[in-house]
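Each chain is listed here by its residues.
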Amino acid sequence: MTQLAAPALNLRVGELVEVRSEEEILATLDDKGELDNLPFMPEMLRMCGQRFRVHKVAHKLCDTITGSGMRRMDRAVHLAGARCDGSAHGGCQTACSLYWKEAWLRRVEPGTPAAEVGGVRPSRPLLPLLEVNSRREPGPDGEERFSCQATELLRAAPVCLPLKDLGQYVTDVRSGNAGVFAVLRAFLVGVFNRYQSASKRILPRWLWIRGGARWGWLKGRAGATTPVEDLGLRPGELVRIKSKEEILKTLNDDLLNRGMGFEEEMSRYCGRTARVRARVDRCIDEKTGRMLRMKTACIILDDIVCAGAYNVSCPREFVPFWREIWLERVEETRPV
């Protein structure tokens, strides 16, 4: 299959774009349904022909597979409201923000009318290719394994982006991803966290700042056995995220509660109220492609994402998973 090159759009946050047709996108993909090692996934097909605003410019991302830090991504964006629903990947509930290569999009100039959609069901030239490549080789025991943008990000973004690369911060501001103050804060937090990590390797303990903890000062206090609580929360219910002090009492030394991590980015939302979007009991392991099934379901909340404030302004915007013991139900007052 011959991949067709496309000119760079140099998109910015807020611009209106239209997802190209399946035929146009197919012309950009290789035999594995990828462009620059980034898969175009079956869940993205329903968005062909639709218009979206650019939410973030995906010029970098945090490596959650090997922990190598930030990685560089070229000519890609995240679109507002375009998250993976997991329908072609075993019902995965991670709700990742999809990556869109600029070659899969066209800029929409102001005042351009939307194309009319006919009543005839369109052909699906991409579907067979994408369905085949949404699976990896089964595990040794025949277990189904998946391939998606999240599992392939190290191939799609092979180059590490060091903290000292100042160009990334210029792009953060020029693209509209973040303001100057937010970018400066994220950079300083990154510098501090690297100092903390280095100090634990080379300095005596009495010179460590607050025990060498990362910015956010999280330290689990539950010991080896962490508590559990089942509130039976359902979508639409209003909850309050507990205080940081209350949550730290539920975490072990690795900041885990029954295997689920609580991170510094999540602590920024402590005390906030939000509505339950869904109960989550399965997600794909990015390292292996296995479907992980949780013994204890967790919660995702409306409008709560990782903002990258403590992670060098990463635009990936993960949806955090919350243990119910970190939340408390808020009784709503009904109008008389």
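Preceding this section is the structure that the text describes.
Rules used throughout
Residues numbered from 1 in each chain as written. Predicted model: local features only at pLDDT ≥ 70, side-chain atom pairs only at ≥ 80, totals over all residues. Heavy atoms only, no water. Helix = DSSP H or I, 4+ residues; strand = E, 2+ residues; numbered from the N terminus. Rg over C-alpha atoms; globule rule 2.2 N^0.38 Å. Contact = heavy atoms within 4.5 Å. Areas by Shrake-Rupley, 256 points an atom, 1.4 Å probe, with all protein chains shown as cover. Phe/Tyr/Trp six-rings, centres within 6.5 Å; stacked < 30°, edge-to-face > 60°. Buried < 20%, exposed > 50% of the residue type's maximum accessible area, 1.4 Å probe, protein only. 1 Å grid on protein atoms, 1.4 Å probe; cavity = no way out; pocket = protein on both sides within 12 Å on 5 of 7 lines; lining within 4 Å. Points joined across faces, edges and corners; volume = space filled by probe spheres on them. Pairing = 2+ DSSP bridges. Core = buried A, V, L, I, M, F, W, Y, C linked by side-chain atoms within 4.5 Å. Disulfide = S-S within 2.5 Å.

**Comments concerning the overall build of the chain**
Moving on, step 1. Scanning the chain from N- to C-terminus turns up seven helices and 15 strands.
Moving on, step 2. For the chain, the C-alpha radius of gyration of 21 Å lies close to 20 Å, the compact-globule estimate for 336 residues.
Moving on, step 3. Its C-alpha atoms give the chain principal-axis dimensions of roughly 65 × 55 × 50 Å.
Moving on, step 4. The contacts in the chain between residues at least 6 apart in sequence include a share of 75% that link residues at least 24 apart.
Moving on, step 5. Carbon and sulfur atoms make up 53% of the accessible area of the chain, which totals about 17,500 Å².

**Some words on the packing of aromatic side chains**
Both the distance between ring centres and the angle between the ring planes are used here to describe each pair of aromatic rings.
Moving on, step 1. According to the stated counting rule, one finds eight aromatic pairs in the structure shown.
Moving on, step 2. Ring geometry for Tyr169 and Phe187: centres 5.2 Å apart, planes at 70°, overall edge-to-face. Of this pair, Tyr169 sits in helix α4 (residues 167-174) while Phe187 sits in helix α5 (residues 180-202); the two residues are 18 residues apart in sequence, bridging distant segments of the chain.
Moving on, step 3. Take Phe187: its relative accessible area is 23%, and that puts it in the partly exposed class.

**Observations concerning empty space enclosed by the protein**
Moving on, step 1. Applying the stated criterion to the full structure yields one cavity of 30 Å³ or more.
Moving on, step 2. By volume, the largest cavity is sized at about 40 Å³.
Moving on, step 3. Lining the largest cavity we find Pro227, Val228, Glu229, Asn257, Thr296, Ala297, Arg323, Glu324 and Ile325.

**A closer look at the pairing of strand β7 (residues 76-79)**
Moving on, step 1. Alternating positions in β7 separate into two faces, Ala76 and His78 on one and Val77 and Leu79 on the other, with burial throughout.
Moving on, step 2. Where strand β4 (residues 51-57) lies against β7, three bridges are found, and the strand directions are antiparallel. Looking at β7, one finds that Val57 is bridged to Val77.
Moving on, step 3. Of the strand pairs in this sheet, β7 and strand β8 (residues 100-101) are connected by two bridges, and their pairing is antiparallel.

**With respect to the sheet that holds strand β1 (residues 16-19)**
Moving on, step 1. Read across the open sheet, the five strands follow the order β8-β7-β4-β1-β9; overall the sheet is antiparallel. In the strand order of this sheet, the two ends are held by β8 and β9 (105-107), each with one partner.

**Quick notes on the nonpolar core**
Moving on, step 1. Core analysis: the largest hydrophobic core is formed by 39 residues, its most contacted members being Phe40, Leu79, Trp100 and Trp104.
Moving on, step 2. Looking at this core, the elements with two or more residues in it are β1, β4, β7, α2 (127-132) and α3 (153-156).
Moving on, step 3. Leu79 has contacts with Val17, Val19, Phe52, Arg53, Val54, His55, Trp100 and Leu105, leaving out every residue within four places of it along the chain.
Moving on, step 4. Listed in part, the 33 residues of the second largest apolar core include Leu233, Val280, Leu301 and Val305.

**Brief notes about the state of the cysteines**
Moving on, step 1. Inspection of every chain in the model, using the stated rule, returns zero disulfides.
Moving on, step 2. Here Cys84 stays unpaired: no disulfide links it, and the sulfur of Cys96, its closest cysteine neighbor, is 6.5 Å away.
Moving on, step 3. Of the residues examined, Cys84 reaches a relative accessible area of 16% and is grouped as buried.
Moving on, step 4. Cys270 carries a free sulfur, and the closest cysteine sulfur to it, the one in Cys306, is 14 Å from it.
Moving on, step 5. Judged by relative accessible area, Cys270 falls into the partly exposed class, the value being 22%.

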